[in-house]
2 protein chains.
Amino acid sequence: MQAKRNFSAKREAIYQTLASTKTHPTAEWVYEQLKPKIPDLSLGTVYRNISVFREMGLAKSVGVVNGQERFDTDMSKHSHFVCSKCFKIIDVPKGKNFVDSNIYEYVERECKVKIENHSIMFYGVCRECENVKD
Amino acid sequence: MQAKRNFSAKREAIYQTLASTKTHPTAEWVYEQLKPKIPDLSLGTVYRNISVFREMGLAKSVGVVNGQERFDTDMSKHSHFVCSKCFKIIDVPKGKNFVDSNIYEYVERECKVKIENHSIMFYGVCRECENVKD
DNA sequence: ATAACAATTAAGAATAGTTATCGTTTTGAG
DNA sequence: CTCAAAACGATAACTATTCTTAATTGTTAT
């Protein structure tokens, strides 16, 4: 009778690594972090387990940036900023209503659709990249 | 000294095809549309020219949906709805302010970044898919 | 313990989308 | 028309991701 999950060692390690950062990493980054500690880990296992986490509602995709999918274990509704130069993704703190409450209604009526959720992405340049000459 | 653009026949055809639809097509879709009319067209040419259009500011990427990049020649600021079942992308009519005017300021301060633009994506199910049993 | 069965895994092959290369052809300015 | 630059087709290369298979590990019942 355990309400808690009981992951295999590797699955647990993959989840912990994914959850340990706010950088919204790629599958490959997770793989590279763990490979030294778990030499017999394969990239396919990382991909497969991230899919498992997604199905379980423990992780989600933040989108494809520069050709690679980025993941997040923070399942709360929040927006992201993407730096166009270094492709860093930064969480936008909650605490402000970004879209008016009647927007869903408006879009559903105009587009004749049923909206389940939405995402806002801000694009620009982060502070570090701003201070770098090209 | 010509202010007007003077595309090659193929480039023009690719642009026209891309611009002829509001479905936000993939490169492959454009290729399939033109292939019967232009049998010696290659998919690489479509990709190459879409890149050219992007550099010229004549087209942009709407994002990667179901693993394929989707393009749009409507360069005006507008949002999109993506159907999670059929991956149709629908333009959201402008005419409503989706984000409060002071949002940029807030995000720039909180995230310490410089925002250049943003995009809002709505996800859900379109009317056609809603009426289909799984 | 052990047998039976299920879940997880590694490895790498396979796939799919996209980009790069490289001779060849087309284009258009002079 | 001439000729260099631009664009092209074909295909190889590349990258991210998924799939397959067989082996390993974990679990449960006996």
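Heads up: these notes are all about the structure in this document. Since the model is a prediction, treat every value here as computed from it, not as a measurement.

### Some remarks on the sheet that holds strand 4 (residues 89-92) of chain A
Taken together, the six strands give an open sheet; going across it, the order is 4(A)-3(A)-5(A)-5(B)-3(B)-4(B), and neighbouring strands pair in mixed fashion. At either margin of the open sheet sits one strand with a lone partner, and together these are strand 4 of chain A together with strand 4 (89-92) of chain B. Each strand axis lies, on average, 30° off the axis of its neighbour in the sheet, ignoring direction. Where strand 5 (residues 113-126) of chain A meets strand 5 (residues 113-126) of chain B, 13 bridges bridge the pair, whose relative direction is antiparallel.

### Re the nonpolar core
Formed by 32 residues in total, the largest nonpolar core has its most connected members in Phe98, Val107 and Phe122 of chain A together with Phe98, Val107 and Phe122 of chain B. Counting only elements with at least two residues in this core, the list comes to strand 3 (79-83), helix 4 (103-111) and strand 5 of chain A together with strand 3 (79-83), helix 4 (103-111) and strand 5 of chain B. In this view, valine 107 of chain A contacts Lys112, Val113 and Ile115 of chain A together with Val92, Phe98 and Phe122 of chain B; residues no more than four positions away in its chain are not counted.

### Description of the interface of chain B and chain A
With 38 residues of chain B at the interface, the matching set in chain A holds 38 residues. For the pair chain B and chain A, the summed buried surface comes to about 3100 Å²; carbon and sulfur atoms form 62% of the total. Remark: the boundary between chain B and chain A carries 14 residue pairs in polar contact (both at pLDDT 80 or more). Contributing elements (two or more residues each) for the side of chain B that touches chain A: strand 4, helix 4, strand 5 and helix 5 (127-130) of chain B. Top contributing element to the side of chain B that touches chain A by residue count: strand 5 of chain B, with 14 residues.

What counts, and at which threshold
Residues numbered from 1 in each chain as written. Chains lettered and ligands numbered in written order. Predicted model: local features only at pLDDT ≥ 70, side-chain atom pairs only at ≥ 80, totals over all residues. Heavy atoms only, no water. Pairing = 2+ DSSP bridges. Helix = DSSP H or I, 4+ residues; strand = E, 2+ residues; numbered from the N terminus. Axes fitted to C-alpha atoms, helices over the stretch in contact; angles between N-to-C directions. Core = buried A, V, L, I, M, F, W, Y, C linked by side-chain atoms within 4.5 Å. Buried < 20%, exposed > 50% of the residue type's maximum accessible area, 1.4 Å probe, protein only. Contact = heavy atoms within 4.5 Å. Buried area = accessible area lost by both parts, 1.4 Å probe. Polar contact = N/O pair within 3.5 Å; in protein donor to acceptor, adjacent residues only side chain to side chain.

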